[in-house]
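Chain and residue survey
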Amino acid sequence: MVLVAYASLYPLSGWRDVGISPFAYLGEPWPRYITAFDIVANVAGYFPFGFLATAVLHPRLRSVAAFVAAVAGGAVLSLMLEAGQSYLPARVAATPDVLFNIVGAALGAALGLRFTPLIGGGGSLSRWRAATFLPGAGADFGLMLIALWLFVQLNPATLLFGAGDLRDLLAPFEGRARRPEFFVSIEAFTTAANLVAVALIVAALAAPGRPVRALVLGTVLGALAVKTAAVAIVMRAENVFTWLTQGAQLGLVIGIVIALAAVALPRTVQLVLAAVLLMVATVLVNLAPPNPYLAASLKVWQQGHFLNFNGLTRLVSAAWPFIALGYLTYLASRRREALG
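Residues numbered from 1 in each chain as written. Predicted model: local features only at pLDDT ≥ 70, side-chain atom pairs only at ≥ 80, totals over all residues. Heavy atoms only, no water.

Description of the overall build of the protein
As a reminder of what qualifies: Labels follow the DSSP assignment, with helices taken as runs of H or I lasting at least four residues and strands as runs of E lasting at least two, numbered in each case from the N terminus. Whether a residue is buried, partly exposed or exposed follows from its accessible area with a 1.4 Å probe, protein chains only, as a fraction of its type maximum: under 20%, in between, or over 50%, in that order. Any two residues having at least one pair of non-hydrogen atoms within 4.5 Å are treated as being in contact.
Scanning the protein from terminus to terminus reveals 13 helices and zero strands. Shown N-terminal to C-terminal, the secondary structure of the protein runs as helices and strands in the order α-α-α-α-α-α-α-α-α-α-α-α-α. Buried positions account for 43% of the 340 residues belonging to the protein. A separation of at least 24 residues holds for 84% of the contacts in the protein among residues at least 6 apart in sequence.

Points about a nonpolar patch on the surface
Note the following rule: Patch membership requires over 30% relative accessible area and the absence of a salt bridge. Like charges are linked within 9 Å, and nonpolar side chains (Val, Leu, Ile, Met, Phe, Trp, Tyr) within 5 Å. Only the protein chains shown count as cover for residues, with accessible areas throughout obtained via the Shrake-Rupley method and a probe of 1.4 Å. Every case where a carboxyl oxygen of Asp or Glu lies within 4 Å of a side-chain nitrogen of Lys or Arg is listed as a salt bridge.
Judged by side-chain polarity, Phe189, Val272, Val276, Met279 and Val280 come together as a nonpolar surface patch covering roughly 400 Å² of accessible area. If one sorts the elements of the nonpolar patch by residue count, helix 11 (residues 267–287) sits on top with four residues. Here Val280 is to be found in helix 11. Look at Val280 and you get partly exposed, because its relative accessible area is 38%.

Re the packing of helix 1 (residues 2–9) against helix 3 (residues 63–85)
For clarity, the threshold we go by: Throughout, an axis means a line fitted to C-alpha atoms (over the contacting stretch in the case of helices), and angles, computed between N-to-C directions, take values from 0 to 180 degrees. Comment on the angle field: the value is read as roughly parallel under 35 degrees, roughly antiparallel over 145, roughly perpendicular from 65 to 115, and oblique elsewhere. Take the far helix as your reference; a near helix turned counterclockwise from it by less than a right angle gives a left-handed crossing, and one turned clockwise gives a right-handed crossing.
Interhelical geometry of helix 1 versus helix 3 gives an angle of 30° and a closest axis separation of 9 Å. For the element pair helix 1 / helix 3, the angle class is roughly parallel. The two elements helix 1 and helix 3 cross, and the hand of that crossing is right-handed. The segment helix 1 lies against helix 3, with Val4, Ala5, Ser8 and Leu9 engaging Leu77, Leu81, Gly84 and Gln85.

What to know about the packing of aromatic side chains
Worth spelling out the cut-off: Two rings from Phe, Tyr or Trp (for Trp, the six-membered ring) form a pair when their centres are within 6.5 Å of each other. A pair whose planes differ by under 30 degrees is stacked, one over 60 is edge-to-face, and the rest are tilted.
Across all of its chains, the model carries five aromatic pairs by this definition. With a centroid separation of 5.5 Å and an interplanar angle of 80°, the aromatic rings of Trp128 and Phe133 are classed as edge-to-face. By relative accessible area, which is 45% here, Trp128 ends up partly exposed. Where Trp149 meets Phe161, the ring centres are 4.9 Å apart and the plane angle is 45°; that geometry is what we call tilted. Taken together, the residues span a long stretch of sequence, with Trp149 in helix 6 (residues 137–152) and Phe161 in the loop between helix 6 and helix 7 (167–170) at a distance of 12 residues. Look at Trp149 and you get buried, because its relative accessible area is 2%. For Phe161, a relative accessible area of 0% gives the class buried. Of the aromatic side chains, those joined through ring pairs into one cluster are Phe141, Tyr327 and Tyr330.

Observations regarding unusual backbone geometry
Between His58 and Pro59 the backbone carries a cis peptide bond, its omega angle lying at 5°. Tracing the backbone shows Pro59 in the loop between helix 2 (36–57) and helix 3. The residue Phe161 is not glycine, and still its phi comes out positive at about 65°.

Some words on the nonpolar core
We count it as follows: Joining through side-chain atoms within 4.5 Å is the link that ties buried Ala, Val, Leu, Ile, Met, Phe, Trp, Tyr and Cys residues into a set, and such a set is a nonpolar core.
Formed by 45 residues in total, the largest nonpolar core has its most connected members in Phe161, Ile201 and Trp320. Residue assignment for this core shows that the elements contributing at least two residues are helix 6, helix 8 (180–205), helix 9 (212–234), helix 10 (246–262), helix 11 and helix 13 (307–339). A total of 12 residues in this core trace back to one element, the largest contributor, which is helix 8. Those residues within four positions of Trp320 in sequence are excluded, and the remaining contacts are Leu145, Leu148, Trp149, Val198, Ile201 and Leu278. One finds Leu9, Tyr46, Leu81 and Leu88 within the second-largest nonpolar core, a separate group that totals eight residues.

Looking at the side chain of Thr282
Examined against the element boundaries, Thr282 turns out to sit in helix 11. According to the relative accessible area criterion, Thr282 is buried, its value standing at 6%.

Examining helix 2
Residues lying three or four places apart along an α-helix face the same way, a consequence of the helix completing one turn every 3.6 residues. Basically, it comes down to this: In this analysis, the expected span of each helix is defined as 1.5 Å times one less than the number of residues it contains. Across the chain, bend at a residue is computed as the angle between axes fitted to the seven residues ending at that point and the seven starting from it.
The end-to-end C-alpha distance of helix 2, which contains 22 residues, comes to 32 Å, matching closely the 32 Å that a straight helix rising 1.5 Å per residue would cover. Along helix 2, the sharpest kink reaches roughly 25°, centred on Tyr46 and followed within four residues by the proline Pro48. Restricting attention to buried positions, one finds in helix 2 the residues Asp38, Asn42, Val43, Tyr46, Phe49, Gly50, Phe51, Ala53, Thr54 and Leu57.

Concerning the environment of Val198
Here Val198 is to be found in helix 8. By relative accessible area, which is 3% here, Val198 ends up buried. Each C-alpha atom, one on Val198 and one on Ala274, is 7.5 Å from the other, the two residues being 76 residues apart in sequence. Val198 has contacts with Ile146, Trp149, Thr219 and Trp320, leaving out every residue within four places of it along the chain.

Notes on the packing of helix 2 against helix 3
Heads up, the condition is: Under the scheme applied, nonpolar residues are Ala, Val, Leu, Ile, Met, Phe, Trp, Tyr, Cys and Pro; charged residues are Asp, Glu, Lys and Arg; polar residues are all the others, including Gly.
Between helix 2 and helix 3, whose axes approach to 9 Å, the crossing angle comes to 135°. Between helix 2 and helix 3, the angle is such that the two are oblique. Considering only the axes of helix 2 and helix 3, their crossing is right-handed. In this structure, helix 2 contributes Tyr46, Phe49, Gly50, Ala53, Thr54 and Leu57 to the contact, and helix 3 contributes Ala66, Ala69, Ala70, Gly73, Gly74, Leu77, Ser78 and Leu81. Among the residues making up the contact of helix 2 with helix 3, the classes are represented as nine nonpolar, five polar and no charged.

Don't take any of this as a statement about function, it's just geometry.
Shown next, in the form of structure tokens:
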């Protein structure tokens, strides 16, 4: 709900009261033009809400009751957030958005009714999770952290696996001109360092005896697939691999080689190495000047309605390394307690 609210109310600035009811949009004519992307974005935004609502209600509510509750929750959330958009000059509240949001919540709820039994206790996905990863809420949080890292890759404006960039949130930063080789080295190190850190988090979550290297490779391939899909959606087909720069290629090769070797290190060493790599990569991302070559490649990107979703991915990307560092500290403290 927090992520949906942020995406709906982005950029969260310029609030003003125009002197009419925030629900006046419900009586206004439909927009003359509704693009396919608008429809897909509104449906996709509430699809996870409907799915997760039925999952969290299970087993207290099932079947029709769970479906109705999930769809009603999505409808109320959408109505309130659209009303909030009435106070933002950069956003336009519209009835079609609410209807497509409700459709997304309904589709998610319907799928949730079908697959929640598989996810819950005793289901096939639940059994796979229990057999593959460590038990407990701590491991569940780590898996959510990996899922958020995959979500970050949906932003085509960031370097491959780059995260923790606070420059736009704090103050714009302009640096002197640099040669292309400088930015290649920055991207290569950022890609490799974050890849190894994520691989070590996956290794820390894996249950004893599980194929850790296969899990790491699967996670990396999933991230690359998400990155490619995101670029394919917002750019023309000939630009779908703009993210696979020379620096990204070099960082991928180095990162995978180091990651596959590092997962064999003792657990304590893994946690320390992951934390150090995250800190160094985050500092480097924030101290390096903006990459003009990346900016040039993104000129073909017409953000349009995707702007609010881009703001959401940037927020998660900025916060992710710091959440991950806190989680690594938590894992290290649990390790010390176990040894004590």
